[in-house]
Amino acid sequence: MNDLEYKKKVLDAISPSFCAAKWYNATIWLGSGQTTSCHHPPAHAIDATAIKTNPKALHNTIQKKLDRSQMQRGLRPAGCEYCWKIEDMGRDAVSDRVYKSKIYPIEALHEAAEIPPDDDVDLKTLEISFDRTCNFACSYCNPAFSSTWVNDIKRNGPYTDLKSDGRNHFTHAHNSSQLYSFGEHNPYVDAFFTWWESDLHKTLDELRITGGEPLMSGETFRLLEWFKNNDTDMRFALNSNLGAKDELIDRMIDASQHMKHFHLYTSNEAMGPHAEYIRDGLVWDDWANNVERVLTNGRIEGFHMMCTINALCLDSLDQFLECVMNWKREYGKDYPTFTLNILRFPSFQSPLVLSDELRTQYKFRLQAWLDANTNDECLHDMERDQLQRLIDYLDIVKTPHMGAAEQSVLQQDFKKFYTQYDQRRGKNFTKTFPALAEWYNGL
Ligand code: SF4
């Protein structure tokens, strides 16, 4: 069954807004005590009292129970706007609710549809973050997820005059994202390990560790030890920026030798100096070298490149995809695979901020790349579909997403943000992106 058939015959047959991620998937940030069902809806708070007696409340929050109830009745939870926007594009567009549901057995979807909304549900897939310690400060990230971003704000003060940053991502250190200091007792981490040891390790098909940079957290290595000492078929995934010290990369490669199903996820979406500009802290040669070290020495079942599609990466995305294809041709079709996730926040860094002319130019470049590679046996159907979806997005979606400011405001914020970013980070926008210089200077 292809994705569209799956949407129509399986998901929409349950309800037109049904998504299994609301039941079986979670991202949980233990540093801030927050959770969400996938990357798209905003995070919300976990009840700190409830987890003392019921660690499953780390996932089964009141908000998720309300969203589940809406989905069972065919209503669209507001937090899932990303999916509704894609589906409303027409052309039988397929949103992430298909990809996020497809991974579970169809019987499990039918079970979820019948579960009373107040009941707790056991997780099948979980992404967890222990803290926000990170050596990178990417332009589309913020202090909530990176301690290096915190240092930028503490050292240089808030970013000023950004009109569309209604949530104030760049104006303060987000102290609520790290409720407990290094070495301090964190009840959310305690609840996680209690749940892990009692039954979470039995119900999970997949555990994914994210950050910050998880290789900089001691709790990550505590879990890696568990895997060393326990035989399990669970898929273990790690999100790493692959910019950590050699010693930590070596420890990860060593840990992979003890695992049956180790999957590594890393993020990048642009080439060389473009990547170093967008993902501040990344050194292209070191990163590319680490990709090859892991591919050569790790015992890895899967290697995945997560591309966050923002306004700046489009200038070298086709070259980056070519680089990914070259690794695939050398190491195999799955080494790495890639996904293209269109950035929504911060909205002034979205591809929709670009002029029609630039967007059209990038659309044609990506179409040319796709035409040249579409029959390459190393390209997965899902990768081809995601690239086509991005091309359609650049072609059709002209207005910013619901709730975002209008394009002229976003463009002004784009200019203001990168002017300050250049000063704080010792970078130079127009030198790094000469093809965007005329448009940028005219903003
Ligand atoms: S945003 Fe989409 S994929 Fe995520 S939980 Fe909502 S419907 Fe599912």
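Whatever comes next refers back to the structure up there.
Presented here is a report on the structure given in the accompanying data block. Counting restarts for each chain, with residues numbered from 1 along the sequence as it is written. It should be noted that, the model being predicted, local features are given only for residues of pLDDT at least 70 and side-chain atom pairs only at 80 or more, the latter also being counted only at that level, while totals for whole chains, interfaces and linings use all residues. Note that the side-chain values use all heavy atoms of the structure and ignore hydrogens as well as water.

Counted residue by residue, strand 5 (residues 206–210) has five buried out of five residues, so it is predominantly covered. The pairing of strand 4 (residues 125–129) with strand 5 spans five bridges and is classified as parallel. By the bridge assignment, Glu 127 is partnered in strand 5 with Arg 208. At least two bridges found by DSSP between two strands are what make those strands a pair. Here a helix means four or more residues in a row that DSSP labels H or I, a strand means two or more in a row labelled E, and each is numbered from the N terminus. Across four bridges, the pairing between strand 5 and strand 6 (residues 235–239) is parallel. Note on strand 6: the bridge partner recorded for Leu 207 is Phe 236. The definition of a right-handed crossover adopted here requires that, viewed with the strands pointing away, the path from the first strand over the helix to the second runs clockwise. With helix 10 (residues 218–229) bridging strand 5 and the parallel strand 6, this β-α-β connection has right-handed handedness. Relative accessibility decides the category of a residue: with a 1.4 Å probe and only protein chains considered, values under 20% of the type maximum give buried, values over 50% give exposed, and everything between is partly exposed.

Pairing within the open sheet is mixed, and its nine strands lie in the order 3-2-1-4-5-6-7-8-9. Bordering the open sheet on either side are strand 3 (44–45) and strand 9 (337–342), each of which pairs with just one other strand.

Take the buried Ala, Val, Leu, Ile, Met, Phe, Trp, Tyr and Cys residues and link them wherever side-chain atoms come within 4.5 Å; each set so joined is a nonpolar core. With 137 residues, the main nonpolar core has Leu 58, Leu 126, Phe 192, Trp 196, Leu 207, Trp 287 and Leu 390 as its most contacted residues. With eight residues, the single largest contributor to this core is helix 9 (residues 187–203). The contact criterion used throughout is that any non-hydrogen atoms of two residues lie within 4.5 Å. Apart from the residues lying within four places of it in its own chain, the contact partners of Leu 207 are Leu 126, Ile 128, Trp 196, Leu 223, Phe 227, Met 234, Arg 235, Phe 236 and Ala 237.

A word on the environment of Asn 326. Within the secondary structure, Asn 326 sits in helix 14 (residues 317–331). The class for Asn 326 is partly exposed, based on a relative accessible area of 42%. The spatial distance from the C-alpha of Asn 326 to the C-alpha of Cys 378 is 9.4 Å, given a sequence separation of 52 residues. A polar contact is formed between the side chain of Asn 326 and the side chain of Arg 329, at a distance of 2.9 Å. For the purposes of these results, a polar contact is taken to be a pair of N or O atoms within 3.5 Å, where, inside protein, one atom must be able to donate a hydrogen and its partner to accept one; residues adjacent in sequence count only when each atom of the pair is a side-chain atom.

What follows concerns the packing of aromatic side chains. The geometry of an aromatic ring pair is captured by the separation of the ring centres together with the interplanar angle, meaning the angle of the planes. In summary, the pairing rule links any two rings of Phe, Tyr or Trp, Trp by its six-membered ring, whose centres are within 6.5 Å, and it sorts them by plane angle into stacked for under 30 degrees, edge-to-face for over 60 and tilted for everything else. Taken as a whole, this structure holds 37 aromatic pairs when the rule is applied. Taking the centre distance of 6.0 Å and the plane angle of 10° together, the rings of Phe 130 and Phe 193 count as stacked. Residue Phe 130 is located in the loop between strand 4 and helix 8 (147–156), and its partner Phe 193 is located in helix 9; the two are separated by 63 residues in the primary sequence. The exposure class of Phe 130 is buried, given its relative accessible area of 3%. Consider the rings of Trp 196 and Phe 227, whose centres lie 6.0 Å apart with planes at 45°: the pair is tilted. On the criterion of sequence distance, the pair formed by Trp 196 in helix 9 and Phe 227 in helix 10 is long-range, its members being 31 residues apart. Exposure class is identical for Trp 196 and Phe 227. Each is buried. Charge-over-ring contacts are defined here by two conditions on Lys NZ or Arg CZ: a distance within 6 Å of the ring centre and an angle within 35 degrees of the ring normal. Directly above the ring of Tyr 6 sits Lys 102, whose terminal nitrogen or CZ lies 5.8 Å from the centroid. Over the face of the ring belonging to Tyr 440 we find Lys 415, whose NZ or CZ atom lies 5.3 Å from the ring centre.

In this analysis a 1.4 Å probe is tested at points of a 1 Å grid over the protein atoms alone, and where it fits but cannot get out there is a cavity; an open set with protein on both sides within 12 Å along at least five of seven lines is a pocket; lining residues have an atom within 4 Å of a point. Grid points are joined across faces, edges and corners, and a volume is the space filled by probe spheres set on the points. The calculated volume of the second largest pocket comes to roughly 540 Å³. What lines the second largest pocket is a set of 23 residues, and nearest its centre among them are Asp 131, Gln 178, Tyr 180, Ser 181 and Phe 182. Secondary structure elements with two or more residues in the lining of the second largest pocket: helix 8, helix 9 and helix 10. Amino acids outside the nonpolar list (Ala, Val, Leu, Ile, Met, Phe, Trp, Tyr, Cys, Pro) and the charged list (Asp, Glu, Lys, Arg) are all regarded as polar, and Gly is one of them. Here the residues of the lining of the second largest pocket are counted per class, giving six nonpolar, ten polar and seven charged.

Attention now moves to the packing of helix 1 (residues 3–14) against helix 7 (residues 106–114). Angular values range over 0 to 180 degrees, each being the angle between N-to-C directions of two axes fitted as lines to C-alpha atoms, with helices fitted over their stretch in contact. Helix 7 packs onto helix 1 with a crossing angle of 25° between their chain directions and a minimal axis gap of 9 Å. One element, helix 1, and the other, helix 7, form an angle in the roughly parallel class. Counted together, Tyr 6, Val 10, Leu 11 and Ile 14 of helix 1 and Ile 106, Leu 109, His 110 and Ala 113 of helix 7 form the full contact between these two elements. Considered class by class, the residues forming the contact of helix 1 with helix 7 number seven nonpolar, one polar and no charged. Each angle is binned into one of four classes, with values under 35 degrees roughly parallel, values over 145 roughly antiparallel, values of 65 to 115 roughly perpendicular, and all other values oblique.

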